[in-house]
Amino acid sequence: MNSKLKFYQSIRFKIALVFVLILMLTLECVGAVFVRQLEHQNLNTFKQTIELPSYVDNSLAEQLSRSNTKKANKQINQILSEVNNNNISEIRVVDNKSIVRGTSNADNRSAIGQKTTDQAIKATLLNNRSHTENLYDNSNHTRYYVNVIPLVDNSNNNVVGAVYLRASLESVYSNINNITLVYLSAAMITIVLSLILAIIISQEITRPIEEMRKQTLRIARGVYSGQVKVLGNDELGQLAGAINNLSVRVEEAQESSDSERRRLDSILSHMSDGVLATDRRGNVTIVNNMALQLLGVENEDDLIGKSIIDVLDIRHEYTVRQLVNGEQREMIIDMSNSGNNLILNAYFSPIQRESGFVSGLVCVLHDVTSQQKEERERKQFVSNVSHELRTPLTSVRSYVEALSDGAWQDKKIAPKFLRVVQDETDRMIRMINDLLSLSRMDAGTTKLNLEYVNINELFNYILDRFDMIIKKGEDPKKKKYTIERYFTKKDLWVEIDTDKFTQVIDNIMNNAIKYSPDGGVITTRLLETHNHVILSISDQGLGIPRKDLGRIFDRFFRVDKARSRKQGGTGLGLAISKEVINMLGGQIWVDSVEGKGSTFYISLPYVPYEEEDWDDEETEK
Ligand code: ADP
């Protein structure tokens, strides 16, 4: 901003200049009229002073009428010498034959008796009219006034001659000049004084303007504290008031826009979604914390200025134009390459002005990793279920086909085939029952029959059943195994659903037997911590490879599919066990060394009762 205004550019100077110019013009006009009038007046007065009295004219006319020229000339010169007028330079008398008869100027006496050549005299003699003219004598730089008056003989009204008067005008003009000079000096002094006055006055007028200028500069810099002094109720006073008002309004607007921005900042930084904003060319201008986190970037400077399609790594699929034009509003971005293994949903919306001009782009990033994972798992689950059911169904069909093709007549093969069909059907029914109970648990519709059970007693009871199966030795094909028990002596009362808990232990025990060699030892333990009971079942079987430990409780997961299927497994037993234990508020986990054996642990929440509580209750009874 040009804060240094040159003096000649300022309003102050312009006002003073106009003021002085008007004054000069006025003085000029007044002076011109005045000088003209003065000149006219002075000249008139002068002309009157040099007029010859009428008796002089008469006596001159009389002398000219005389026939004695010599005497008459003498008389004429006598009369002329008697005319005592300092203003007159020369008086000449000429008769009607244009001969000079007398002069008041002694130097010009030689002209007497000579014929005059003066045109004015000739014209006067001819016209009988007086004649005046102003002359300028170059030889002595003097202005003269010349007056030629005809002389008339009163008796017969004949023109007898003329009087030629010559008077210097220098005294008149020097007088006029003197007065003009005085007038001019007075005018000059007036102009100088009024110039000073004009500058002072215009300075006073423009001082508030200067103040207002400074205040507006302060407002522009964002300093709102100042106030312009309101010095009156004129236009400038009102302008000053308006500027003060403006300053307050601007401050308010600034404050509200600041607080709006702060609010927006805090909303952005606390948003659970990532937000990126770009300019028209798709270069990132704003990033919030969540966006940094989702994109796995530490510093926002790493993103600012970069193209959004590079930041989101979608340059191969989309162009900035597509995003800005709104052709591609939503997309799923897999960030697994970038290291933080997230799947993001990106929603793009162009920032449009009222005119329709797109000035940028806003991208909202939402973490959909878990949804996507669930979706994937759901699809996987459906495909697993169909696969698991198709395998037994295919084998059932082929056996039934074989039977209907004639095998039913073969007494040896037919019962075998029918057994397989029955086994497969049983397995399918088991699997469907398992799936149903899992889906009930997923939907949260499973009802738990909770009761306080002495877990020590219950665990012993379940294991006794397994011991009985061995003792009975009903099935000669079944494996042999020994169960060892290391239990705490204490009664541990835990709130559980007995049926469901029994199902879990059955499942783990069956697995331990299934995946153990013949004659293996199964070690069971029961102990308590201060708020949990922990059960464990260890076998000396195949063990589980380390890489599969994390997936052992997944639905349909089996380390060795073929083996499990051969043994009638569904791959859902551990998944159901985990759901049940979780519903009871406990945890289930596994520890295994491949080739050595596995240990399954179950922990359940437990509140140890104080003996005294019972005593108190008993005494109360
Ligand atoms: P399945 O019906 O196949 O036994 P589970 O869900 O009960 O289904 O078990 C899942 C898988 O975990 C089994 O297929 C098996 O590979 C593995 N597994 C379970 N228990 C044991 C164990 N005690 N020793 C070795 N592997 C086991």
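The name given to the chain in an unreviewed UniProt entry is histidine kinase, and the organism recorded there is Limosilactobacillus agrestis. Database annotation for the chain, UniProt heading Subcellular location (unreviewed entry): "Cell membrane".

Visitor: Explain the site of the ligand here, please?
Guide: Around the ligand, the surrounding shell holds 21 residues, and the nearest of these are Asp539, Arg558, Ser564, Thr570 and Leu574. Separating a nitrogen atom of the ligand from a side-chain N or O atom of Asp539 is a distance of 2.8 Å. The separation between an oxygen atom of the ligand and a polar main-chain atom of Leu574 is 2.8 Å. When the free accessible area of the ligand is taken as 530 Å², the share hidden by the protein chains comes to 97%. Counting only elements with at least two residues in the shell around the ligand, the list comes to helix H13 (498-514), helix H15 (573-583) and strand E17 (597-605). In terms of residue class, the shell around the ligand is built from 9 nonpolar, 9 polar and 3 charged.

Visitor: Is there a simple way to think about the UniProt feature "domain: HAMP" (unreviewed entry) in the chain in this case?
Guide: In the numbering used here, UniProt assigns the "domain: HAMP" (unreviewed entry) feature to residues 203-255. For residues 203-255, the end-to-end C-alpha separation is 36 Å, with 75% helix and 0% strand making up the annotated structure.

Visitor: Would you mind going over the layout of surface pockets with me for this structure?
Guide: Gaps left between atoms are located by rolling a probe of water-molecule size over the structure's atoms. There is about 590 Å³ of room inside the second largest pocket. Looking at the lining of the second largest pocket, the elements that each hand over two or more residues are helix H10 (369-404) and H15. Looking at the lining of the second largest pocket, the element that brings in the most residues is H10, giving 6 residues. The residue makeup of the lining of the second largest pocket, split by class, is 5 nonpolar, 2 polar and 11 charged.

Visitor: When you look at the environment of Leu312 in this model, what are you seeing that I'm missing?
Guide: Looking at the secondary structure, you find Leu312 in the loop between helix H8 (308-311) and helix H9 (320-324). Separated by 152 residues in the primary sequence, Leu312 and Val160 have C-alpha atoms spaced 130 Å apart. Each residue touching Leu312, except ones within four places of it in the same chain, is listed here: Leu276, Leu295, Ile333, Phe348, Cys363 and Leu365.

Visitor: Hey, could you run me through the sheet that holds strand E9 (residues 343-352) in this one?
Guide: Strand pairing within a sheet occurs via backbone hydrogen bonds; the two strands may be parallel or antiparallel. Pairing is antiparallel in the open sheet, where 5 strands are placed in the order E7-E6-E10-E9-E8. This sheet does not close on itself; its edge strands, each paired only once, are strand E7 (284-287) and strand E8 (330-334). Within this sheet the neighbouring strands show an average axis-to-axis angle of 25 degrees, counted without direction. In this sheet, strand E10 (residues 358-367) lies alongside E9 in antiparallel orientation, the contact comprising 9 bridges. Across the sheet, Asn345 pairs through a bridge with His366, a residue of E10.

Visitor: Just to check I follow, could you spell out the confidence of the model for the chain for this structure?
Guide: A low pLDDT means the predicted coordinates there should not be read in detail. In this model, the chain carries a mean pLDDT of 88, and residues with pLDDT of at least 70 account for 96%. Segment residues 617-621: pLDDT under 50, and 0 contacts once partners within four positions in sequence are set aside and those in other chains are kept.

Visitor: I tried to follow the packing of aromatic side chains on my own but got confused; where do I start?
Guide: Working definition: an aromatic ring pair is given by the centre-to-centre distance plus the angle between the planes. The tally for this structure, following the rule as stated, stands at 6 aromatic pairs. An angle of 35 degrees between the planes, with centres 5.5 Å apart, marks the rings of Phe34 and Tyr183 as tilted. Of the two residues, Phe34 sits in helix H1 (residues 11-50) while Tyr183 sits in helix H5 (residues 170-221), which places them 149 residues apart along the sequence. Look at Phe459 and Phe487: their rings are 5.0 Å apart centre to centre, the planes differ by 15 degrees, and that puts the pair in the stacked class. Here the residue Phe459 occupies a position in helix H12 (residues 455-472), and Phe487 occupies one in strand E12 (residues 481-487), the gap between them amounting to 28 residues. For the pair shown, Phe459 and Phe487 are each scored as buried. A cation sits over an aromatic face here: Arg143 above Tyr173, 3.9 Å from the ring centre.

How each quantity is defined
- Residues numbered from 1 in each chain as written.
- Predicted model: local features only at pLDDT ≥ 70, side-chain atom pairs only at ≥ 80, totals over all residues.
- Heavy atoms only, no water.
- UniProt positions renumbered as here; feature names shortened; annotations may be inferred.
- Near = heavy atom within 4 Å.
- Polar contact = N/O pair within 3.5 Å; in protein donor to acceptor, adjacent residues only side chain to side chain.
- Areas by Shrake-Rupley, 256 points an atom, 1.4 Å probe, with all protein chains shown as cover.
- Helix = DSSP H or I, 4+ residues; strand = E, 2+ residues; numbered from the N terminus.
- Nonpolar A, V, L, I, M, F, W, Y, C, P; charged D, E, K, R; others polar.
- 1 Å grid on protein atoms, 1.4 Å probe; cavity = no way out; pocket = protein on both sides within 12 Å on 5 of 7 lines; lining within 4 Å.
- Points joined across faces, edges and corners; volume = space filled by probe spheres on them.
- Contact = heavy atoms within 4.5 Å.
- Pairing = 2+ DSSP bridges.
- Axes fitted to C-alpha atoms, helices over the stretch in contact; angles between N-to-C directions.
- pLDDT = per-residue confidence, 0-100.
- Phe/Tyr/Trp six-rings, centres within 6.5 Å; stacked < 30°, edge-to-face > 60°.
- Buried < 20%, exposed > 50% of the residue type's maximum accessible area, 1.4 Å probe, protein only.
- Lys NZ or Arg CZ within 6 Å of the ring centre and 35° of its normal.

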